[in-house]
Amino acid sequence: MRTRTENTARVVVIGAGMAGARLAAKVPDVTVIGEESHAPYNRVLLAEVLAGRYPADVIALPPAEVRRGVRVVRIDRDDRLVHCDDGSVVRYGRLVLATGSNPVLPPLRGLGNTMPDGVHAFRTLDDCMALRASVRPGVSAVVIGGGLLGVSAARALAECGAQVVLAQQGEHLMERQLDAESAGLLRSHLESLGVEVHTECRVRGLRCSGGAVRAVELADGYELAAEITVLACGVRPRTGLAQAAGLEVRKGVVVDDELRTSDPYIHAVGDCAEHRSTVYGLAGPALEQADVLAEVLAGRPARYDGTRALTRLTLNGPDDPGAGSLDLAAFGDSRPLPGDDVIRLADATRGAYRTVVVRGDRLAGGVLLGDLAAVGTLARTWQDDAPLPAETSLLHLLTNDGGF
């Protein structure tokens, strides 16, 4: 088959997610190649689309020139060419991998190469719209995974009127961000929305009939009725192109402080990138990496030193967005080590919970639920890795001004 070679851009970006779109908005003379047919969108707000709070077009990012629905199949590093599945070949001066990540599909009995009807990942806008089309009041839904994505999906499905069960293998919800007490409050809130929560619950398989899921089988032999099953078991960096091209890959595509891979003409940003042994898998670091790389590509001095990311989540009640809501913020490491100071405030009357961990003269992490008035000051202090003023009482850290 004859191919056509295009020499349209000095910079070529593979991936039109949030990192790729951010870079396209900042770098002139750029070609962005994206597999999805949609314009770039804010992936963080997919749960709001699923819940029916926003139509899909509301989460679209600022317009960017993207070759949509095109998949890159090979990178030729010797000639600096990108080969696409539509037969086109694009020449690059600098190449940026913003290939993102894929949802982790657990090794469940009954889950083969083809998803049974009713089983959904929750990663893309297509995933979201397919799930939205399947939900109706009273439908039985099981969400497998109690991290940030699983909690968001369970809340959204409950808002749609589904009968939702959330199955989490770990000891408590959102183990990466929350301590046990705050996770317990989150669980209580989800249960108040009608979500049935099971922790320390290992899923063994899916029971299907006629090509459609009917139940989720647990390791103890119990079955959860399921007309819809959502797999929210984490994500894995998409590194296949990089590996096939001979780039250094560990958990993700390894990059230095200029987001440069082992090939000096190729960079990587976002979910697929591994910087200083860390793969973030979050929107905030992806956008920060894109901003730094835009400076690097413009020939200006810039370094990426890592991101200290804040996790925020708002869970509203299904009937009234202003009633029964729970605001949550978490940063750093809320699990204390020996020798750490822990300051905790629980106010049942106001429905507020705050805890911070102090390690030496610095904030190590914290969790706030309900009343987030102090989160701005605390998060800035943590993000700046600044020492706490000697005169600051540890108890004052939980006041609205963070004791400053």
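Quick caveat: nothing in here was measured; it's all calculated off a predicted structure.

Draft legend 1. Quick peek at the environment of Gly299. Position of Gly299 among the secondary structure elements: in the loop between α7 (283–297) and β22 (310–315). Here Gly299 falls in the exposed class, since its relative accessible area comes to 65%. For Gly299 and Gly15, which are 284 residues apart along the polypeptide, the C-alpha to C-alpha distance reads 23 Å.

Draft legend 2. Representation of the pairing of strand β26 (residues 362–369). The buried fraction of β26 amounts to seven of the eight residues, a majority that puts the element mostly inside the structure. Note: strand β23 (residues 326–332) against β26, five bridges, orientation antiparallel. Considered in β26, the bridge of Gly332 is made with Gly365. Inspection of the sheet shows strand β25 (residues 352–359) paired to β26 by seven bridges, in the antiparallel sense. By the bridge assignment for β26, Val356 is matched with Gly366.

Draft legend 3. Focus on the sheet that holds β22. Ordered by their spatial adjacency, five strands build an open sheet running β22-β23-β26-β25-β24, and the pairing between neighbours is antiparallel. Single-partner strands in this sheet number two, and they are β22 and β24 (341–347). The mean inter-strand angle of the sheet, taken between neighbouring strand axes irrespective of direction, is 10°. In this sheet, β23 lies alongside β22 in antiparallel orientation, the contact comprising six bridges. When the bridges of β23 are listed, Thr314 appears paired with Asp327.

Draft legend 4. Representation of the state of the cysteines. Inspection of every chain in the model, using the stated rule, returns zero disulfides. With no disulfide partner, Cys84 has as its closest neighbouring cysteine sulfur the one in Cys272, 16 Å distant. Judged by its relative accessible area of 6%, Cys84 falls in the buried class. Considering cysteine sulfurs only, Cys128 is the nearest to Cys160, which forms no disulfide, with 9.0 Å between them.

Draft legend 5. Focus on the sheet that holds strand β10 (residues 119–121). Across the sheet, five strands lie side by side as β10-β17-β11-β12-β13; this open sheet has parallel pairing. Both outer strands of the open sheet, β10 and β13 (196–198), are each paired with one neighbouring strand and no more. Between one strand axis and the next, the sheet turns by 20° as a mean value, whatever way the strands run. Sheet strands touched by helix α3 (residues 125–134): β10 and β17 (228–231). Its angle to β10, the strand with the most contacts, is close to 145°. Across the face of the sheet, helix α4 (residues 148–159) comes into contact with β11 (140–144), β12 (163–167) and β17 while running at roughly 170° to β12.

Draft legend 6. Here's a closer look at the pairing of strand β3 (residues 30–33). Side chains Val30 and Val32 of β3 all project onto a buried face; the interleaved residues Thr31 and Ile33 project onto the opposite face, where all are buried too. As judged from the four bridges shared by strand β2 (residues 11–14) and β3, these two strands associate in the parallel manner. Considered in β3, the bridge of Val13 is made with Val32. Crossover connection from β2 via helix α1 (residues 18–26) to parallel β3: handedness right-handed. Examined bridge by bridge, β3 and strand β4 (residues 66–67) share two bridges and lie parallel to one another. Following the sheet pairing, Val32 is matched in β4 by Val66. The handedness of the β3 to β4 crossover, carried by helix α2 (residues 46–51), is right-handed.

Draft legend 7. Geometry of the packing of α1 against α7. Direction vectors running N to C along α1 and α7 enclose 30°, while the axes themselves pass 9 Å from each other. In this view, α1 runs roughly parallel relative to α7, as classed from their interaxial angle. For the element pair α1 and α7, the recorded crossing hand is right-handed. Listed contacts from α7 to Met18, Ala19, Arg22, Leu23 and Lys26 of α1 are Ala283, Ala286, Leu287, Ala290, Asp291, Leu293 and Ala294. Counted by class, the contact of α1 with α7 contains nine nonpolar, no polar and three charged residues.

Draft legend 8. Looking closely at α4. The terminal C-alpha atoms of α4 lie 17 Å apart, and with 12 residues this matches the ideal 16 Å at 1.5 Å per residue to within 8%. Those residues of α4 not exposed but buried are Gly150, Val151, Ser152, Ala153, Ala154, Arg155, Ala156, Leu157, Ala158 and Glu159. Taken from the residues just after α4, Gly161 is the one with a positive phi, measuring 95°.

Draft legend 9. Up close: the packing of aromatic side chains. If you walk through the whole model with that rule in mind, you get two aromatic pairs. Ring geometry for Tyr280 against Tyr304: centres 6.5 Å apart, planes inclined by 80°, an arrangement best described as edge-to-face. Here Tyr280 is found in the loop between β21 (273–275) and α7, whereas its partner Tyr304 is found in the loop between α7 and β22, with 24 residues between them in sequence. What makes Tyr280 buried here is its relative accessible area of 17%.

Calculation notes
Residues numbered from 1 in each chain as written. Predicted model: local features only at pLDDT ≥ 70, side-chain atom pairs only at ≥ 80, totals over all residues. Heavy atoms only, no water. Helix = DSSP H or I, 4+ residues; strand = E, 2+ residues; numbered from the N terminus. Buried < 20%, exposed > 50% of the residue type's maximum accessible area, 1.4 Å probe, protein only. Pairing = 2+ DSSP bridges. Axes fitted to C-alpha atoms, helices over the stretch in contact; angles between N-to-C directions. Disulfide = S-S within 2.5 Å. Contact = heavy atoms within 4.5 Å. Right-handed = clockwise from strand over helix to strand, strands pointing away. Parallel < 35°, antiparallel > 145°, perpendicular 65-115°, else oblique. Left-handed = near helix turned anticlockwise from the far one by under 90°. Nonpolar A, V, L, I, M, F, W, Y, C, P; charged D, E, K, R; others polar. Expected span 1.5 Å × (residues − 1). Phe/Tyr/Trp six-rings, centres within 6.5 Å; stacked < 30°, edge-to-face > 60°.

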